[in-house]
Amino acid sequence: MSRFWSSTAAGLTPYIPGEQPSEGRMIKLNTNENPYPPPPAVLEAIRSAAGDSLRLYPDPNASGLTAVIAAYFGLAPGGVFVGNGSDEILAFAFQAFFDHDQPVLFPDVTYSFYSVYANLYNLPYTGVPLDRQFRILPSAYQIPNSGIILPNPNAPTAIHLPLEQIRELLEHNNDRVLIVDEAYIDFGGESAVPLIAEYPNLLVIHTLSKSRSLAGLRVGYALGQPELIEGLNRVKNSFNSYTLDRLALAGAEASFAEEAYFRENIARIVRTREVAAAALREAGFNVTDSQANFLFVSHPAVPAPVIFRKLREQGILVRYFDKPRIDNYLRITVGTDAEMAALLKAMKQILPEADSL
Ligand SMILES: Cc1ncc(COP(=O)(O)O)c(C=O)c1O
């Protein structure tokens, strides 16, 4: 606490990102990054953009990238907004669409940044309980609200909500915006993008950080009808005109031309996920049905913090959230086959040891 902080700064509880260790020897399964590199053409595009033109500001409207994304999804360019990671877009969206009259609704177990943004903007919010199997219940959202936000698949549970239930949420909430944060949708879920034409209250947010191996480039995008995109632009242009730099614009644009690489990369991760999930179940873990690039697991006999600590001692980083309902779970990013084999091997050492604690 400092006497120089504003009352806003003093009142914040910032999000704590997963650890990014400086030494490269850790097996990093803690921040849902992609274990495979971006395609060579993306790296080449970034290298070519690193030239004299860096003297100049980038295009404040990101017109080139916006047009590429619009064409990829069969939308008009006015239906696309791009930002510095989807986190930035989420922050803009909270400001653009949610109000103080009623609470913002999101699942009680979900991406921890949502409550951070609500606090930042002084928006009231309600965590709507998941059921006992950690599923989202659309009927529970039929209460007064100033908007709804949820990830699909949900994080950190990895569980996917079928499209029909997204439709139900939209139908029962047609005066307010529903934001579907599809950070992990490419790993198996069914996207809500086809519903955009039908529902003016739907905003879908994607990121290049996970399925496109570009967490370090910081690019996300939102898709919706033009009036929602204009709302985001109003907030963005009252904050920072140039949220994406020239290198990010070039790399992101190139990424959408690499469809075969993208699909193969995802297929590989999904295969590894299924093998790892089966092996963890075999080792006694409860594993939710994941449609994401991570697994959400708990062991009936050994507390999650113990496993977390022992994995760390063996150089393997996973994510642990000391929060109600999920404090006996670990979130494990799907890495390469070799990384998952190392994780399994470490687990098999830890479990019998910890059993006798
Ligand atoms: C549900 C969810 N939404 C959004 C993000 C943010 O992604 P980025 O800011 O890298 O686009 C994450 C990152 O972990 C996430 O889990």
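Residues numbered from 1 in each chain as written. Predicted model: local features only at pLDDT ≥ 70, side-chain atom pairs only at ≥ 80, totals over all residues. Heavy atoms only, no water.

Chemist: I'd like to hear about the environment of Glu 274, residue by residue, with values.
Modeler: Considering the arrangement of structural elements, one finds Glu 274 in helix H9 (residues 259–282). With 16 residues separating them along the chain, Glu 274 and Ser 290 place their C-alpha atoms 8.7 Å apart. (Helix = DSSP H or I, 4+ residues; strand = E, 2+ residues; numbered from the N terminus.)

Chemist: Quick one: what's the story with the packing of helix H4 (residues 85–97) against helix H7 (residues 226–236), residue by residue and with numbers?
Modeler: Two elements in contact, H4 and H7, have axes whose closest approach is 9 Å; the angle formed by their N-to-C orientations is 105°. Between H4 and H7, the angle falls in the class roughly perpendicular. From H4, Ile 89, Phe 92, Ala 93, Gln 95, Ala 96 and Phe 97 reach across to H7, where they touch Leu 228, Gly 231, Leu 232, Val 235 and Lys 236. When grouped by side-chain class, the residues that make up the contact of H4 with H7 number eight nonpolar, two polar and one charged. (Axes fitted to C-alpha atoms, helices over the stretch in contact; angles between N-to-C directions. Parallel < 35°, antiparallel > 145°, perpendicular 65-115°, else oblique. Contact = heavy atoms within 4.5 Å. Nonpolar A, V, L, I, M, F, W, Y, C, P; charged D, E, K, R; others polar.)

Chemist: Go over empty space enclosed by the protein with me, naming the residues and quoting the values.
Modeler: Under the criterion given, the structure shown has two cavities of 30 Å³ or more. Volume-wise, the largest cavity comes out at about 40 Å³. Lining of the largest cavity is provided by Pro 39, Ser 211, Arg 212, Ser 213, Ser 255, Glu 258, Tyr 261, Phe 262 and Asn 265. When residues of the lining of the largest cavity are assigned to their parent elements, the largest contribution, three residues, is made by H9. Broken down by class, the residue content of the lining of the largest cavity amounts to three nonpolar, four polar and two charged. When residues of the lining of the largest cavity are assigned to domains, at least three map to each of domain 1 (22–37 + 259–355) and domain 2 (40–255). By volume, the second largest cavity is sized at about 40 Å³. Taken together, Pro 138, Tyr 141, Gln 142, Ile 148, Glu 168, Leu 169, His 172 and Asn 173 form the lining of the second largest cavity. Its residues placed into classes, the lining of the second largest cavity shows four nonpolar, three polar and one charged. (1 Å grid on protein atoms, 1.4 Å probe; cavity = no way out; pocket = protein on both sides within 12 Å on 5 of 7 lines; lining within 4 Å. Points joined across faces, edges and corners; volume = space filled by probe spheres on them. Domains from an automatic or database assignment.)

Chemist: Describe the site of the ligand, with residues and values.
Modeler: Every residue near the ligand is listed here: Gly 85, Ser 86, Asp 87, Tyr 111, Pro 151, Asp 181, Ala 183, Tyr 184, Thr 207, Ser 209, Lys 210 and Arg 218. In the environment of the ligand, an oxygen atom lies 2.9 Å from a nitrogen or oxygen atom belonging to the side chain of Lys 210. Note that an oxygen atom of the ligand is positioned 2.8 Å from one of the side-chain N or O atoms of Arg 218. Notes on the ligand: free accessible area 400 Å², of which the protein chains cover 92%. (Near = heavy atom within 4 Å. Polar contact = N/O pair within 3.5 Å; in protein donor to acceptor, adjacent residues only side chain to side chain. Areas by Shrake-Rupley, 256 points an atom, 1.4 Å probe, with all protein chains shown as cover.)

Chemist: Describe helix H2 (residues 40–49), listing the residues and the values that go with them.
Modeler: Every buried residue belonging to H2 is among Val 42, Ala 45, Ile 46 and Ala 49, and all of these are buried. Seen along its axis, H2 keeps its buried residues to an arc of 100°; they face one direction. Turned more than 90 degrees off the buried face of H2, the exposed positions are Pro 40, Arg 47 and Ser 48. Lining the buried residues of H2 we find helix H8 (246–255). (Buried < 20%, exposed > 50% of the residue type's maximum accessible area, 1.4 Å probe, protein only. Arc of directions from axis to C-beta.)

Chemist: Report on the domain arrangement of the protein chain, specifying residues and quantitative values.
Modeler: For the protein chain, the domain assignment lists domain 1 (22–37 + 259–355) and domain 2 (40–255). Across the boundary between the two partners, domain 1 contributes 29 residues, which contact 29 residues of domain 2. Looking at the side of domain 1 facing domain 2, the largest losses of area belong to Phe 262, Gln 291 and Arg 325, adding up to 31% of the total buried there. Where domain 1 touches domain 2, the interface holds one salt bridge. Across the salt bridge formed by Asp 108 and Arg 325, the nearest N and O atoms sit 3.0 Å from each other. Where domain 1 touches domain 2, the interface holds 14 residue pairs in polar contact (both at pLDDT 80 or more). (Buried area = accessible area lost by both parts, 1.4 Å probe. Salt bridge = Lys/Arg side-chain N within 4 Å of Asp/Glu carboxyl O.)

Chemist: Can you lay out the layout of surface pockets for me, pointing to particular residues and giving the numbers?
Modeler: Size it by volume and the largest pocket reaches roughly 590 Å³. For the largest pocket, the lining is made up of 30 residues, of which Tyr 15, Thr 31, Asp 87, Tyr 111 and Lys 210 are closest to its centre. If one sorts the elements of the lining of the largest pocket by residue count, H4 sits on top with four residues. Broken down by class, the residue content of the lining of the largest pocket amounts to 12 nonpolar, 11 polar and seven charged.

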